[in-house]
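Here is what each chain is made of, one letter per residue.
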Amino acid sequence: MAKDYLHTSLRLHGLVTELRFGATQHLDRVQRNVQATLSGGRPTYEVIQAILDSNAWNANMFGHWPPAPALRAAFGDRQWDLARLPDSESDIVRGLLAIFRRIEPVSVVLRFVSPKDYGIVSPPVEEILGVAPRRLLAEKYRAYLECLRELRDQREFNTAADVEMALWTLQVGVLDGTLAPHRPQQTSFLRTSYDKDLRMREIRVGNLTKPIFDDLGKLDLAEALLPTDIELAAQIAGIEFEKKVRRWLPSEDHEDLYDVIEQAYRQRGALHRARVVRNRAMHKPQKLRRADVEYLIDSTKRVPESGTGPMHSSNAARA
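Residues numbered from 1 in each chain as written. Predicted model: local features only at pLDDT ≥ 70, side-chain atom pairs only at ≥ 80, totals over all residues. Heavy atoms only, no water.

**Brief notes about the nonpolar core**
As a reminder, the rule being used: By nonpolar core is meant a set of buried Ala, Val, Leu, Ile, Met, Phe, Trp, Tyr and Cys residues that side-chain atoms within 4.5 Å join together. The buried label applies to any residue whose accessible area, calculated with a 1.4 Å probe on protein chains only, is under 20% of its type's maximum; exposed applies above 50%, and partly exposed to all values in between. Here a strand is any run of E in DSSP of at least two residues, a helix any run of H or I of at least four, and the numbering for each starts at the N terminus. Any two residues having at least one pair of non-hydrogen atoms within 4.5 Å are treated as being in contact.
Grouped together as the largest cluster of nonpolar side chains are 64 residues, with contacts concentrated most on Trp57, Phe100, Leu129 and Leu167. A per-element tally of this core places helix H10 (residues 160-175) first, with nine residues. In contact with Phe100, other than residues within four places in its own chain, are Ile48, Trp65, Pro66, Leu71, Phe75, Pro105, Val106 and Val109. Membership of the second largest hydrophobic core comes to 26 residues, among which are Leu225, Ile236, Trp248 and Ala274.

Dropping the structure here:
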């Protein structure tokens, strides 16, 4: 089901471009023009001109392109080693960004030069993938491409460009409602299939949350969530509490957390109180109080790191 619905979405790409822009965007024609230019061994500037001069689509949808004299001056008569993509990806992306300054035109060039591994960056596809801003454009583009390539392989698409077109159609045509008045049954099928697609949901949530976890530790995130979502804050803190306690004190995976904490000797009273809050967070979150969650977070911060300090078991103390 999951594979079929995305392939159905791809087949509707031409129709949705016509509905959205008033004219069908024939990306296959642009691709043939670019590939012919590449096979002729022409300078990179002429490869880009094959993209911009085509009457098969509107390249200006993806922002302003430098004027022809500026492009010719930037590329000169050099033939960039585009045939080595994706092996030379980092260098080529860096070089193209130096000329275009924005990732969208860079992605357009790479999509037509090497459609197997590249797709165009656009707001609708960023939206459906949940690709959040990154500090560096290249990092954001890399995350975007990872999603396209994963779906290409998992869902048996020929190219990453096909995945990008399928996702664009799904967002613009189905989720934004462009297709519904014209193909109500297909729209309903695609929407239902998308809603049931667990992997797509995982990709979206992973992309949305990764920048947050990169900037904040999990306990910092729990603290930040306290004013707005006390249950989620407690659950995050509870998971971190158990992980930290088990790293610090010897335990087996099957061993109950109560028994693990019993080894802590002097600290076990405070840790058991935090454990009770942790249990409530997992099983009865509606009964949580903010003060209890704050105690759980603070207690987790106080758990020693693994391998630090003396062993705090009762046996060690008696020794």
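**What to know about helix H17 (residues 290-302)**
Condition: Helix span, as expected, comes to 1.5 Å for every residue beyond the first. Working definition: the arc comes from the directions between the helix axis and the C-beta atoms, pointing outward to the latter.
The terminal C-alpha atoms of H17, which comprises 13 residues, lie 19 Å apart, in line with the 18 Å expected from a rise of 1.5 Å per residue. Among the residues of H17, Asp292, Val293, Leu296, Ile297, Ser299 and Thr300 are the ones counted as buried. One side of H17 carries all its buried residues, which in axial view fall inside an arc of 165°. Buried-residue contacts for H17 involve helix H13 (218-225), helix H14 (230-248) and helix H16 (268-283).

**Some thoughts on the pattern of salt bridges**
Proximity of charged atoms lets side chains of opposite charge pair with each other. Put simply, the rule reads: Salt bridge, as applied in this entry: a Lys or Arg side-chain nitrogen positioned within 4 Å of an Asp or Glu carboxyl oxygen.
Summed over the entire model, instances satisfying the criterion amount to 22 salt bridges. Where Arg152 meets Asp117, a salt bridge forms, and the shortest distance between an N and an O atom there is 2.9 Å. Of this pair, Arg152 sits in helix H9 (residues 137-154) while Asp117 sits in the loop between helix H7 (103-113) and helix H8 (123-129), and the two are 35 residues apart along the sequence. Where Glu223 meets Lys301, a salt bridge forms, and the shortest distance between an N and an O atom there is 3.0 Å. Of this pair, Glu223 sits in helix H13 while Lys301 sits in helix H17, and the two are 78 residues apart along the sequence. According to the relative accessible area criterion, Lys301 is partly exposed, its value standing at 40%.

**A closer look at helix H3 (residues 27-39)**
Taking 1.5 Å as the rise per residue, H3 with 13 residues should run 18 Å; its terminal C-alpha atoms sit 18 Å apart, in good agreement. Within H3, the full set of buried residues consists of Leu27, Val30, Val34 and Thr37. Buried residues of H3 fall within an arc of 85° about the axis and therefore sit on the same side. Within H3, the exposed residues directed more than 90 degrees away from the buried face are Arg32 and Ser39. Contacts from the buried residues of H3 go to helix H2 (13-21), helix H4 (44-52), H7 and H10. Positive backbone phi, approximately 65°, marks Gly41, located one or two places after H3.

**Some remarks on the packing of H14 against H16**
To keep it simple, the criterion reads: Axis lines are fitted through C-alpha atoms, for helices just across the contact stretch, and the angle between N-to-C directions can take any value from 0 to 180 degrees. Any angle from 65 to 115 degrees is called roughly perpendicular, while one under 35 is roughly parallel, one over 145 is roughly antiparallel, and all others are oblique. Crossings are classed by handedness, with left-handed meaning an anticlockwise turn of the near helix from the far one by less than a right angle and right-handed meaning a clockwise turn. Three classes are used, and their members are as follows: Ala, Val, Leu, Ile, Met, Phe, Trp, Tyr, Cys and Pro are nonpolar, Asp, Glu, Lys and Arg are charged, and the others, Gly among them, are polar.
The interhelical angle for the contact between H14 and H16, taken along N-to-C directions, is 135°, at an axis separation of 9 Å. The orientation of H14 with respect to H16, classified from their angle, is oblique. In this structure, H14 crosses over H16, and the sense of that crossing is left-handed. Mapping the contact onto sequence places Ala234, Gln235, Gly238, Ile239, Phe241, Glu242 and Trp248 in H14 and Leu271, Ala274, Arg275, Arg278, Ala281 and Met282 in H16. Per-class residue counts for the contact of H14 with H16 are eight nonpolar, two polar and three charged.

**Things to note about the side chain of Thr159**
Rules: Between N or O atoms, a polar contact is any pair within 3.5 Å; within protein, one atom must be a potential hydrogen donor and the other a potential acceptor, and residues adjacent in sequence are included only when both atoms are from side chains.
Within the secondary structure, Thr159 sits in the loop between H9 and H10. Exposure remark for Thr159: the relative accessible area of 15% places this residue in the buried category. Polar side-chain contacts of Thr159 include one of 2.9 Å to the backbone nitrogen of Asp162. The contacts of Thr159, once residues within four sequence positions are left out, are Pro115, Lys116 and Arg152.

**Thoughts on unusual backbone geometry**
Positive phi values are uncommon outside glycine, yet Glu156 reaches one of about 60°. Within the secondary structure, Glu156 is located in the loop between H9 and H10. Overall, Glu156 belongs to the exposed group, its relative accessible area being 55%. Positive phi, normally seen in glycine, also occurs at Tyr265, with a value near 60°. Structurally, the position occupied by Tyr265 is in the loop between helix H15 (257-261) and H16. Residue classification places Tyr265 among the partly exposed residues on the basis of a relative accessible area of 34%.

**Topic: the packing of aromatic side chains**
Our working definition: Classification of ring pairs uses Phe, Tyr and Trp, with its six-membered ring standing for Trp, and accepts pairs whose centres are within 6.5 Å; under 30 degrees between planes counts as stacked, over 60 as edge-to-face, and the remaining range as tilted. Either the NZ atom of lysine or the CZ atom of arginine qualifies as a charge over a ring when it sits within 6 Å of the ring centre and within 35 degrees of the ring normal.
The tally for this structure, following the rule as stated, stands at five aromatic pairs. Summarising the aromatic geometry, the rings of Trp57 and Phe62 are spaced 5.7 Å apart at their centres and angled 40° between planes, so their arrangement reads as tilted. Each member of the pair, Trp57 as well as Phe62, carries the same accessibility label: buried. Consider the rings of Trp65 and Phe100, whose centres lie 5.4 Å apart with planes at 80°: the pair is edge-to-face. Of the two residues, Trp65 is situated in the loop between H4 and helix H5 (68-75) and Phe100 in helix H6 (residues 89-100); the sequence distance between them amounts to 35 residues. Here the aromatic residues Trp57, Phe62 and Phe112 are joined through ring pairs into a cluster of three or more. It is Arg273 that lies over the ring of Tyr295; its NZ or CZ is 3.7 Å from the centre.

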